[in-house]
Amino acid sequence: MYSIRWKILIAYLLIIIIAFSVVAATLIQLVGDYMFNQRVRDDQRVAENLASLLSEALYSLDVRAMYDGALNASAEKLSRVMVLDRFGVVQVDARSELNGRRFQNAEVIRALNGGGPDYGFYDIDDTGTLSHRTGLTALGNIREMTGLYAAPIYRDSELIGALVYISQAQEIYESLREITTQTILWMVMVAASALLMSMFVVRTITRPIGELSAGISRMSRGDLSTRVEVRGKNEFAQLASAFNSMSEKLERLDKSRNQFVSNASHELKTPLSTMKILSETLLYQENYDPEMQKEFLSDINKEIDRLNRIVSDLLTLVNIDSGGMQMNLGETRLRDVVTEQVKRLTPLAREAGLELSCVIRDPCETTGDSLKLQQVVYNVIDNAIKYTPRGGEVHVELAKVGKKAVIRVEDTGIGIPQEDLPHIFDRFYRVDKARSRETGGTGLGLSIVKQIVLLHDGDVRAESVENKGSTFTIELPLVQK
Ligand SMILES: Nc1ncnc2c1ncn2[C@@H]1O[C@H](COP(=O)(O)OP(=O)(O)OP(=O)(O)O)[C@@H](O)[C@H]1O
Ligand SMILES: [Mg+2]
């Protein structure tokens, strides 16, 4: 976690420093170039003007006039003017230091050789020697920087000498140095504030990651109630809320699994205890009563049937949950499924004193596992019979609606209270526990119905009015022809 923090910080800083350095260097270069060019242009003009001004004086070797001109020009700008003859010998030096000496440097030679006017920049170090300045860096310690201009002097288009104009350029160097220092100062300040900002940014990035990973490790230790704080709306907030909804789901799943196990154990325990009591009574019976023995054994047999049913229902559900449910899919005609189950349940309905009717409007071909669909239809009609008092009616209808087959099972029974309706498809859920036990129900029937219908990409729902009756609607996709 810390390594990512440092990596981001360093990357951030490097990017800023590099970008700033490139920009600063380019800017300093541009400004420097501009200042130098400006100066070159100005000074060159002065040099050329002087060259033409003193041309006559040089020709006539009028030292006085040359000297006046040179001094005049030099006084202005802390500069120095020299007039050289055709061979580079100094005729007049405004500072009178080099009079009569040869003055030769690249610019002068070029000017005297007919190469036109030329200029160069020189550094004057502590010993007073001129050294040619090549690059333009404002660093380093330079006592004085000068520009040197050599302009050829013509008379009647004949080259008769050269004018050397040396002007101090130190202030350019100074201001350039000032700009550079300022820039470096700025760079340090920007880098420092970037560092602060990036520390803040990195913190906002790494903090939620840290919290999330702490949450994950808490969860992996078994604490499913773990939630992390969701801050803002960014990607980390999305991650945090995804984590929260995941842990919520896991917690809910864990709870419902525990509930399922405890319900199942309870349901299994009831017939077992009944059987235990019955068998013990038989075992310790003093007087042998064959009538009673037969009755008890038949009760035990019923409890065994009940156990068997619960266990096979549980197995079915567990199979569906683990995705291990074998589906024998095939073209199934729902008309056959429905009529067969109605036929199967007619005796039960008659016994319960009910009228069971059935209307088939369309044959309704669907792709499905016909055995499982039979189980679905059986369960729903069985419920309708079980929860409808004597004299009532159960009506089954099959019809095609749009692209779906719809099976409706309507009864005039006891109905389901509104608050129970959303739960009747839950495992082991029974509205009236006592009554359901009487009818032998465990509350697994509808949850199996729901799972099987979902496996067929279908849907099942219930509507009911208490004491009036219930309607169960099963929708299954039809085979597209
Ligand atoms: N047609 C209906 N009329 C009134 N109540 C119903 C009807 N169908 C289901 N119920 C209620 O929904 C509950 C759940 O039904 P479900 O079929 O899952 O369980 P069961 O019939 O009690 O037991 P099982 O089907 O496992 O033998 C029932 O206990 C009952 O209270
Ligand atoms: Mg049932």
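Residue indices begin from 1 for each chain and proceed along its sequence in written order. All chains are assigned letters beginning with A, and all ligands numbers beginning with 1, in the order in which they are written. Local features in this predicted model are restricted to residues of pLDDT 70 or higher, and side-chain atom pairs are both shown and tallied only at a pLDDT of 80 or more, whereas totals for entire chains, interfaces and linings draw on every residue. To get the side-chain values, all heavy atoms of the structure are used, and hydrogens and water are removed first.

Caption draft 1: Broad picture of the packing of aromatic side chains. When the centres of two rings from Phe, Tyr and Trp lie within 6.5 Å, Trp using its six-membered ring, the rings pair. Their planes under 30 degrees apart give stacked, over 60 give edge-to-face, and anything left gives tilted. Scanning all chains against the criterion turns up four aromatic pairs. Judged by centre distance (6.1 Å) and plane angle (40 degrees), the rings of Tyr149 and Tyr165 are tilted. Residue Tyr149 is located in strand β5 (residues 144–155), and its partner Tyr165 is located in strand β6 (residues 158–168); the two are separated by 16 residues in the primary sequence. Just as Tyr149 is buried, Tyr165 falls in that class too. Within the aromatic cluster, the residues linked to one another by ring pairs are Tyr119, Tyr149 and Tyr165. Residue placement shows Arg155 over the ring face of Tyr59; its charged tip is 3.8 Å from the ring centre. Ring-over charges, as used throughout, are those where CZ of Arg or NZ of Lys falls within 6 Å of the ring centre and within 35 degrees of the ring normal. Over the face of the ring belonging to Phe260 we find Arg427, whose NZ or CZ atom lies 5.1 Å from the ring centre. Only DSSP runs of H or I with at least four residues qualify as helices, and only runs of E with at least two residues qualify as strands; both kinds are numbered from the N terminus onward. When accessible area is computed with a 1.4 Å probe and restricted to protein chains, residues below 20% of their type maximum are described as buried, those above 50% as exposed, and intermediate ones as partly exposed.

Caption draft 2: Representation of the site of ligand 1 in the model. Close to ligand 1 lie 21 residues, the nearest being Asn383, Tyr387, Asp411, Gly443 and Leu446. Any pair of N or O atoms that falls within 3.5 Å is considered a polar contact. Within protein, one atom must be able to donate a hydrogen and the other to accept it, and sequence-neighbouring residues count only if both atoms are side-chain atoms. At a separation of 2.8 Å, an oxygen atom of ligand 1 approaches a polar side-chain atom of Asn383. The separation between an oxygen atom of ligand 1 and a polar side-chain atom of Lys386 is 3.1 Å. Relative to its unbound accessible surface of 600 Å², ligand 1 loses 98% to contact with the protein. Going through the elements one at a time, α9 (370–386), α11 (445–455) and β13 (469–477) are the ones with two or more residues in the shell around ligand 1. Element by element, the count of residues in the shell around ligand 1 is highest for α9, at three residues. Gly is put with the polar residues, along with every residue not named as nonpolar or charged; the nonpolar set is Ala, Val, Leu, Ile, Met, Phe, Trp, Tyr, Cys and Pro, and the charged set is Asp, Glu, Lys and Arg. Here the residues of the shell around ligand 1 are counted per class, giving nine nonpolar, eight polar and four charged. Whether a residue is near a molecule or strand depends on its heavy atoms: it is near if one of them lies within 4 Å of it. With residues, only the protein chains shown are counted as cover, and all accessible areas are computed by Shrake-Rupley using a 1.4 Å probe.

Caption draft 3: Structural detail: the domain arrangement of the protein. In this document the domain limits rely on a domain assignment from an automatic tool or a database. What the domain assignment lists for the protein is domain 1 (2–191), domain 2 (235–321) and domain 3 (330–477). On a C-alpha basis, the centres of domain 1 and domain 3 stand 104 Å from each other.

Caption draft 4: Quick peek at helix α6 (residues 235–283). In this model α6 runs 70 Å from its N-terminal to its C-terminal C-alpha over 49 residues, within 8% of the 72 Å that 1.5 Å per residue would give. All of the buried residues in α6 are Ala237, Ala240, Phe243, Asn244, Ser247, Phe260, Ala264, Glu267, Pro271, Met275, Leu278 and Leu282. At the N-terminal boundary of α6, the capping side chain belongs to Asn234, with an oxygen 3.1 Å from the backbone nitrogen of Phe236. By this rule, a helix spans an expected 1.5 Å times one less than how many residues it contains.

Caption draft 5: How the structure looks around the pairing of strand β12 (residues 459–465). Burial along β12 is one-sided: Val460, Ala462 and Ser464 are buried, and none of Asp459, Arg461, Glu463 and Val465, which face the opposite way, are. The pairing criterion for strands is at least two bridges between them, as found by DSSP. Bridging between β12 and β13 involves seven bridges; their strand directions are antiparallel. Following the sheet pairing, Ala462 is matched in β13 by Phe472. Here β12 folds back onto β13, and the loop between the two strands holds three residues, one of which, Asn467, carries a positive phi near 65 degrees.

Caption draft 6: Focus on unusual backbone geometry. If you check the backbone angles, Leu61 has positive phi at about 50 degrees while not being a glycine. Along the polypeptide, Leu61 turns up in the loop between α2 (55–59) and α3 (63–76).

Caption draft 7: Structural context of the side chain of Ser247. Following the sequence through the fold, Ser247 ends up in helix α6. A relative accessible area of 0% means that Ser247 is categorised as buried. Residues in contact with Ser247, not counting those within four places in the same chain, are Met219, Leu224, Thr226 and Arg227. In what follows, residue pairs with any heavy atoms lying within 4.5 Å of each other are defined as contacts.

Caption draft 8: Spatial organisation of the environment of Pro477. Relative to the helices and strands, Pro477 is located in strand β13. Here the alpha-carbon distance between Pro477 and Val164, two residues 313 residues apart in the chain, equals 103 Å. Not counting residues up to four positions away in its chain, the partners in contact with Pro477 are Glu365, Thr366, Lys403, His456, Asp457 and Gly458.

Caption draft 9: Examining the side chain of Asp85 more closely. Relative to the helices and strands, Asp85 resides in strand β1 (residues 80–85). Counted as positive: Lys and Arg. Counted as negative: Asp and Glu. His and the chain ends are not counted at all. For salt bridges, the criterion is a side-chain nitrogen of Lys or Arg within 4 Å of an Asp or Glu carboxyl oxygen. Within the buried set, Asp85 has no salt-bridge partner at all; the shortest N-O distance to an opposite charge, 6.8 Å, is to Arg102. A polar side-chain atom of Asp85 sits 2.8 Å from the main-chain amide nitrogen of Phe87. Not counting the four nearest positions on each side in its chain, Asp85 is found in contact with Gln91, Leu112, Ile160, Gly161 and Ala162.

Caption draft 10: Expanded view of the layout of surface pockets. Of the voids in this model, the second largest pocket is the one considered here, and its volume is about 580 Å³. Cavities and pockets were defined on a 1 Å grid built from protein atoms only: a cavity is a group of points that admits a 1.4 Å probe but offers it no way out, a pocket is an open group of points flanked by protein on both sides within 12 Å along at least five of seven lines, and a lining residue is one with an atom within 4 Å of any such point. Taken together, 15 residues make up the lining of the second largest pocket; nearest its centre are Ser256, Arg257, Phe260, Asp426 and Arg427. If you list the elements that add at least two residues to the lining of the second largest pocket, you get α6 and α11. In terms of residue count, the dominant contributor to the lining of the second largest pocket is α6 (seven residues). A class-by-class count of the residues in the lining of the second largest pocket yields four nonpolar, five polar and six charged. Composition of the lining of the second largest pocket by domain shows at least three residues from each of domain 2 (235–321) and domain 3 (330–477). Grid points are joined across faces, edges and corners, and a volume is the space filled by probe spheres set on the points.

Caption draft 11: Here's a closer look at the sheet that holds strand β10 (residues 393–401). One open sheet accounts for five strands, arranged β8-β10-β11-β13-β12; its pairing is mixed. Edge positions in the open sheet fall to β8 (355–360) and β12, since each of these has one partner strand only. Averaged over all neighbouring strand pairs, the angle between strand axes comes to 15 degrees, with direction disregarded. Where β10 meets strand β11 (residues 404–411), eight bridges bridge the pair, whose relative direction is antiparallel. Across the sheet, the residue bridging to Val396 is Val409, located in β11. Across the sheet, helix α8 (residues 334–351) touches β8, β10, β11 and β13, and the angle it forms with β8 is around 170 degrees. The convention used is that axes are lines fitted to C-alpha atoms, helices contributing only their stretch in contact, and that angles between N-to-C directions extend from 0 to 180 degrees. The strands that α9 touches are β8, β10, β11 and β13; relative to β11, the one it contacts most, it runs at about 25 degrees.

Caption draft 12: Broad picture of the packing of α9 against α11. In the contact formed by α9 and α11, the axes pass within 9 Å of each other and the chain directions differ by 145 degrees. In this structure, α9 meets α11 at a crossing whose hand is left-handed. Within the contact between the two elements, α9 uses Lys372, Gln375, Val376, Asn379, Val380 and Asn383 and α11 uses Gly445, Leu446, Ile448, Val449, Ile452 and Val453. Residues belonging to the contact of α9 with α11 are distributed by class as follows: seven nonpolar, four polar and one charged. Helix crossings fall into two classes, left-handed where the near helix is turned counterclockwise from the far one by less than a right angle and right-handed where it is turned clockwise.

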